[in-house]
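So you can see what is in the structure, the chains are spelled out below.
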Amino acid sequence: MEKRRELWIDAAKGLSIIFVVMGHSGDAFANHYLSWFRMPLFFLLSGMVFKPVDPARYIGWAVKRTKGLMTPYLAYGLLITTVLLLFTLNLKGFAENIARLLYGGLSLTGPYGVFWFITCLLFTQLIFGYITRFRGMTQFLLIASCYLLAHVISMTSLKNFNLPWNIDVSLLAITYYALGYYGKKAIPAIIGRLVIVPFILLASAAAFYLDHAGVISYSLNMKYKQYDALLLDLVIPLVISLTICALVFWLSKLLPLKWLGDLGRNTIAIMYLHLPINYGLKYLLGTDYGLLPFTLVGVVIPLILAMVIVRFPVLSRLYLGHSGKSRPAVSYSERGAAQNAVSTESIS
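Residues numbered from 1 in each chain as written. Predicted model: local features only at pLDDT ≥ 70, side-chain atom pairs only at ≥ 80, totals over all residues. Heavy atoms only, no water.

Details of the packing of aromatic side chains
For the structure on display, the rule yields 28 aromatic pairs. Ring geometry for tyrosine 33 versus phenylalanine 208: centroids 5.6 Å apart, planes at 70 degrees, classification edge-to-face. On the criterion of sequence distance, the pair formed by tyrosine 33 in helix α2 (residues 28-34) and phenylalanine 208 in helix α10 (residues 197-212) is long-range, its members being 175 residues apart. Here the aromatic residues Phe50, Tyr58, Trp61, Phe128, Tyr130, Phe134, Tyr177, Tyr181 and Tyr182 are joined through ring pairs into a cluster of three or more. Residue placement shows arginine 133 over the ring face of tyrosine 58; its charged tip is 5.4 Å from the ring centre. (Phe/Tyr/Trp six-rings, centres within 6.5 Å; stacked < 30°, edge-to-face > 60°. Helix = DSSP H or I, 4+ residues; strand = E, 2+ residues; numbered from the N terminus. Lys NZ or Arg CZ within 6 Å of the ring centre and 35° of its normal.)

Take a look at the structure:
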């Protein structure tokens with residue numbers, strides 16, 4: 001059971017990164033509906049593997065967590081910036097890109113478009129790690145306050161302030177993260193009951209249908225703080241995330257999903273590279289291409305690069321968030337437990 005649990009979590013994350021790539025393909029229809037849950041699902045899955053932090057060790061833990069997430073952030077950012085400099089020979093543009101990379105948040109667009117997620121995840125983890133030192137009711141009140149404040153920001157002129165590293169978006173992300181953390185036992189119990197799965201599927205299908213039919217008009221874009229439905233921003237992402245988890249959970253019993261689990265443990269390279277690689281390829285070809293080619297290029301090429309990078313300790317430490325030390329061969333279950341802290345909580 002433990003092995004299957006780890007597999008479905010990694011497989012769900014693998015499916016999530018595919019959804020992220022699809023959403024950036026330029027297909028407006030896909031992006032609209034995938035944005036409802038692709039980032040909330042990442043935060044939920046990360047929360048499921050979060051372990052409470054000893055208050056006495058919080059500072060050391062926070063430093064280690066920051067280093068683990070920001071090292072690849074800076075490594076990929078400098079790599080992309082350097083490549084752009086070599087192609088454009090624009091020193092002013094190079095300096096501007098460095099400044100944007102350091103400030104983060106809404107200033108990151110184009111090939112840097114997904115970098116916001118890493119800093120948002122970092123602050124989500126740091127804030128949530130601090131919150132867990134309090135008693136249960138206090139934790140609930142703090143998380144609920146963050147959720148409400150996030151919506152106040154989204155529905156007022158505060159939305160237009162570009163805070164560094166998307167710090168304010170963490171206020172919403174904490175709720176999805178907390179749902180995974182507090183539901184780490186309840187979620188497997190719910191999706192593990194086959195009789196419940198049809199109801200979850202029906203609820204998700206109803207949400208999509210009602211929006212498509214114009215009965216409701218729902219949208220969710222965490223990066224740009226587009227979340228103004230106080231109730232639906234909680235219900236819709238949670239229901240669809242549970243649906244995806246349930247489907248992956250039951251498919252893992254019927255199909256060999258190890259490949260999808262492996263994909264889920266290599267999301268960091270895909271997250272950082274799918275945009276610059278696709279932008280570069282479209283520039284070389286001089287044309288746009290559709291959803292499927294964009295997704296294949298954005299998933300397969302970074303995955304191949306990750307398989308090469310992992311062979312070199314220094315590059316593995318910089319670009320994959322690994323320790324850089326060689327590890328003996330281990331089983332899937334052992335490997336999953338060892339890497340969850342980096343892969344599941346890194347990306348998303």
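Examining unusual backbone geometry
The phi torsion at leucine 89 lies on the positive side, around 55 degrees, for a residue other than glycine. Of note, leucine 89 is situated in the loop between α4 (58-88) and α5 (91-103). Judged by its relative accessible area of 69%, leucine 89 falls in the exposed class. A positive phi is found at lysine 225, a non-glycine position, where the angle reads about 55 degrees. (Buried < 20%, exposed > 50% of the residue type's maximum accessible area, 1.4 Å probe, protein only.)

A look at the UniProt feature "transmembrane region" (unreviewed entry) in the protein
UniProt records the feature "transmembrane region" (unreviewed entry) at residues 7-24, 36-53, 73-91, 111-131, 140-158, 190-210, 230-251 and 291-310, using the numbering of this structure. The annotated region residues 291-310 carries 95% helix and 0% strand content, and the separation between its end C-alpha atoms amounts to 29 Å. (UniProt positions renumbered as here; feature names shortened; annotations may be inferred.)

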